[in-house]
Amino acid sequence: MKWQTKITEMTNIEYPIIMGAFAIIGKAEFTAAFSNAGGLGILTAINFKTIEEFTEEIKKVKELTNKPWGINFTISPPISNKQGKNLGRDEDSYLQFLNIAIDEGVKIFTTSAYNAKKIGERIQDAECYWFHKCSTIKHAKSAEKAGVDAITLVGLEGTGFKNPYQNTTLVNLTMAKKLLNIPIIAAGGIGDARGFLGALFMGAEAVCFGTAIIPTKESLASDYWKKKIIRQNIFDDKFHKKVFHYALKESLDASMAAGHCEKIISIEDFIKNSIIEQSEEIIKNCSFL
Ligand SMILES: Cc1cc2nc3c(=O)[nH]c(=O)nc-3n(C[C@H](O)[C@H](O)[C@H](O)COP(=O)(O)O)c2cc1C
């Protein structure tokens, strides 16, 4: 089966599968392994304090893969700076990083967590793609107005910055399909072939995986972290509250997608077998198609 969508056409990837941005573990080896398996690997800029470190990491990805890959800029919302929480950087402090990445030939960029208009304009001036990630349709609409090439919408069942007005992945995708005119990338709580196919059927042009790829061999998460996700009972009251109840403001290291993580497998096994082969099997055996 040819997995061709608007996002695979834009990015030249084999499957409509995108790696989430990851604080701490979104580094070169993980990024390159994801791209080598046919998805779009994402290097997360927040993990590098200096331009030198960042440039070295870009070169490392280039040595490890010749497939397409991208870079994420997670923008610190001003409120987090005021509260003294160190969530990353503001837009201006990323511009130098962005210029280096463009000079190094990177063609795909994702932004997240806050308005990224200035960065987006620079990305598009350089004729690169700009995908922005947000958690509400309202923010998605303003990003569309700002000219983004695609939107990643994260559902409430996913990991990441929570918003009190966030909806589930199902509501996000079906409504986004009606209200937006740009390609949508689904994220939040997706960890198996059924979720992947469901998201595509609801109108997504690709799926972004976070939690589900932490317990893979190439992920840079510790063994303890990988095993914790595999053992996580997603029906446990405390875990459920942590994921769904914004007011608790607990830090999240996994989402409802943890329910699909059964053992540590390679990224290639995850993408090619757990997602693609299984999806093809489901389509083949589907009684109503
Ligand atoms: C440990 C961890 C760290 C993350 N760090 C970031 C980050 O720095 N920036 C960002 O935009 N998203 C971050 N995310 C969110 C992912 O990129 C992705 O949007 C999310 O994990 C999708 O939901 P899922 O976990 O249910 O698949 C992180 C997710 C996890 C699990």
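Remember, it's a predicted structure, so these values are computed and weren't measured experimentally.

A few words now on helix 8 (residues 169-179). Owing to its 3.6 residues per turn, the α-helix brings residues three or four apart onto one side. Of the residues making up helix 8, those classed as buried are Thr169, Asn172, Leu173 and Ala176. Seen along its axis, helix 8 keeps its buried residues to an arc of 90°; they face one direction. Along its buried surface, helix 8 packs onto helix 7 (137-146), strand 6 (150-154), strand 7 (184-187) and helix 9 (193-201).

Look at any regular strand and the pattern is simple: side chains alternate between the two faces of the sheet. With burial as the criterion, each face of strand 7 is covered, one bearing Ile184 and Ala186 and the other bearing Ile185 and Ala187. Pairing geometry for strand 6 and strand 7, over 4 bridges, is parallel. Considered in strand 7, the bridge of Ile151 is made with Ile184. Handedness of the crossover joining strand 6 and strand 7 through helix 8 is recorded here as right-handed. By the bridge criterion, 3 bridges tie strand 7 to strand 8 (residues 206-209) in an arrangement that is parallel. Note on strand 8: the bridge partner recorded for Ala186 is Val207. In this view, the connection linking strand 7 to its parallel neighbour strand 8 by way of helix 9 has right-handed handedness.

Attention now moves to the site of the ligand. Residues in close proximity to the ligand total 17 residues, the closest being Ser112, Thr159, Gly189, Thr211 and Ser255. In this structure, Thr159 approaches the ligand through a side-chain N or O atom, which is 2.5 Å from an oxygen atom. At 2.7 Å, a backbone N or O of Gly189 approaches an oxygen atom of the ligand. Summarising the interface, the protein chains cover 92% of the accessible area of the ligand, which totals 600 Å² for the free molecule.

As a further point, take the packing of helix 2 (residues 28-36) against helix 3 (residues 51-64). In contact at an axis separation of 9 Å, helix 2 and helix 3 are set at 35° when each is read in the N-to-C sense. Helix-helix and strand crossings are classified by hand; for helix 2 and helix 3 the assignment is right-handed. Contacts between helix 2 and helix 3 involve Ala28, Glu29, Thr31, Ala32 and Asn36 from the first element and Glu57, Lys60, Val61 and Leu64 from the second. Taken together, the residues of the contact of helix 2 with helix 3 break down into 4 nonpolar, 2 polar and 3 charged.

Conventions used here
Residues numbered from 1 in each chain as written. Predicted model: local features only at pLDDT ≥ 70, side-chain atom pairs only at ≥ 80, totals over all residues. Heavy atoms only, no water. Buried < 20%, exposed > 50% of the residue type's maximum accessible area, 1.4 Å probe, protein only. Helix = DSSP H or I, 4+ residues; strand = E, 2+ residues; numbered from the N terminus. Arc of directions from axis to C-beta. Contact = heavy atoms within 4.5 Å. Pairing = 2+ DSSP bridges. Right-handed = clockwise from strand over helix to strand, strands pointing away. Near = heavy atom within 4 Å. Polar contact = N/O pair within 3.5 Å; in protein donor to acceptor, adjacent residues only side chain to side chain. Areas by Shrake-Rupley, 256 points an atom, 1.4 Å probe, with all protein chains shown as cover. Axes fitted to C-alpha atoms, helices over the stretch in contact; angles between N-to-C directions. Left-handed = near helix turned anticlockwise from the far one by under 90°. Nonpolar A, V, L, I, M, F, W, Y, C, P; charged D, E, K, R; others polar.

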